[in-house]
Amino acid sequence: MNIPIKGWLVNCLIIIALLVISGCKTYPLLTTQGEKIPHDYLIGPGDTLNIIVWRNPEISMSVPVRPDGKITTPLVEDLPASGKTSTELARDIEETLSKYLQQPVVTVVITDFIGPFSEQIRVIGEAAQPQALPYRENMSLMDVMIAVGGLTDFAAGNRARIIRNIEGSQQQFRVRLDDLIRDGDISANVPMYQGDVLVIPESYF
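To keep things clear, this report deals only with the structure shown in the data block.

## Structural notes on the pattern of salt bridges
Point 1. Taken as a whole, this structure holds eight salt bridges when the rule is applied.
Point 2. Among the salt bridges present, the one from Arg66 reaches Asp78, with a minimum N-O distance of 3.0 Å. With Arg66 in the loop between β2 (61–64) and β3 (70–73) and Asp78 in strand β4 (residues 76–80), the pair connects residues that are 12 residues apart, well separated along the chain.
Point 3. The exposure class of Arg66 is partly exposed, given its relative accessible area of 26%.
Point 4. The exposure class of Asp78 is partly exposed, given its relative accessible area of 43%.
Point 5. Linking Arg164 and Asp196 is a salt bridge whose minimum nitrogen-to-oxygen distance equals 2.7 Å. One end of the pair, Arg164, is in strand β8 (residues 161–166); the other, Asp196, is in the loop between α4 (177–182) and β10 (197–200), and 32 residues separate them in sequence. Each member of the pair, Arg164 as well as Asp196, is classed as buried.
Point 6. Taken together, the salt bridges that share partners define one network made up of Arg66, Asp68 and Asp78.

This is how it looks when you write it as structure tokens:
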């Protein structure tokens, strides 16, 4: 009976070793170095917009961006808003209103921010509260971890990785969450970019 048990234990150890090896695929370490990407906030579904039409308070109003990315206001129906800056949307509204008003002047103020899905930061895996977060200017890895409540007890923080779209191709970079959160190593704090996906794997032990 001892031989089968030993064989089973050996097989289990081999499987665990293979899982560890496959889960420890090395990615380049993400550092604080790198070119800063200019960021203009883009409107997304769920945002709230305050649309002000100069000298026309009766058609000025606050509207939500619908799940299909469009808005509807008096004289303006089903106008696409998602993926545009507030200035771009204001010009589009002016163009539509010009059919009814002479030289309309429109200002769009964003009051509740969510942003388009393509720009949100997603956190999956062993975070306390995995979720999608609106991107903020100069957002860092520490900001993201505060927003999701840190790591679970089962997280392998130093095996976490960021999936980032660079010039149309997805690239993966390793980040050191354990060093940052549990050891307070600020050098492990790196900038986050629009559309980043943070993957936090589970520890095998």
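## Re the sheet that holds β2
Point 1. The three strands are arranged β2-β1-β5 in an open sheet whose pairing can be described as antiparallel. Two strands close off the open sheet at either side, each with one partner strand: β2 and β5 (106–112). Across the sheet, the mean angle from the axis of one strand to that of its neighbour is 25°, orientation sign disregarded.
Point 2. Sheet topology places strand β1 (residues 48–53) next to β2; four bridges connect them, and they run antiparallel. Within β2, the residue paired with Asn50 across the bridge is Ser62.

## Observations concerning the sheet that holds β10
Strand pairs in the sheet, formed through backbone hydrogen bonds, run parallel or antiparallel to each other.
Point 1. Read across the sheet, five strands follow the order β7-β6-β10-β8-β9 without closing on themselves; strand pairing throughout is mixed. The sheet is open, and its two borders are formed by β7 (131–133) and β9 (169–174), each paired with just one other strand. Averaged over neighbouring strand pairs, the angle between their axes works out to 20° when direction is ignored.
Point 2. Pairing of strand β6 (residues 121–125) with β7 involves three bridges; the strand directions are antiparallel. The residue bridging Val123 from the neighbouring strand is Gln131, located in β7.

## Here's the deal with the environment of Phe117
Point 1. Looking at where Phe117 falls in the secondary structure, it is placed in the loop between β5 and β6.
Point 2. Phe117 sits in the exposed class, given a relative accessible area of 52%.
Point 3. Between the C-alpha atom of Phe117 and that of Leu133, which follows or precedes it by 16 residues, the distance is 9.4 Å.

## Overview of helix α2 (residues 86–97)
Point 1. With 12 residues, α2 should cover 16 Å at 1.5 Å per step; its first-to-last C-alpha distance of 16 Å lies within 8% of that length.
Point 2. All of the buried residues along α2 are Leu89, Ala90, Ile93, Glu94, Thr96 and Leu97. Viewed along the axis of α2, the buried residues span an arc of 160°, placing them on a single side of the element.
Point 3. Next to the buried residues of α2 lie β1, β3, β4 and β5.

What counts, and at which threshold
- Residues numbered from 1 in each chain as written.
- Predicted model: local features only at pLDDT ≥ 70, side-chain atom pairs only at ≥ 80, totals over all residues.
- Heavy atoms only, no water.
- Salt bridge = Lys/Arg side-chain N within 4 Å of Asp/Glu carboxyl O.
- Helix = DSSP H or I, 4+ residues; strand = E, 2+ residues; numbered from the N terminus.
- Buried < 20%, exposed > 50% of the residue type's maximum accessible area, 1.4 Å probe, protein only.
- Pairing = 2+ DSSP bridges.
- Axes fitted to C-alpha atoms, helices over the stretch in contact; angles between N-to-C directions.
- Expected span 1.5 Å × (residues − 1).
- Arc of directions from axis to C-beta.
- Contact = heavy atoms within 4.5 Å.

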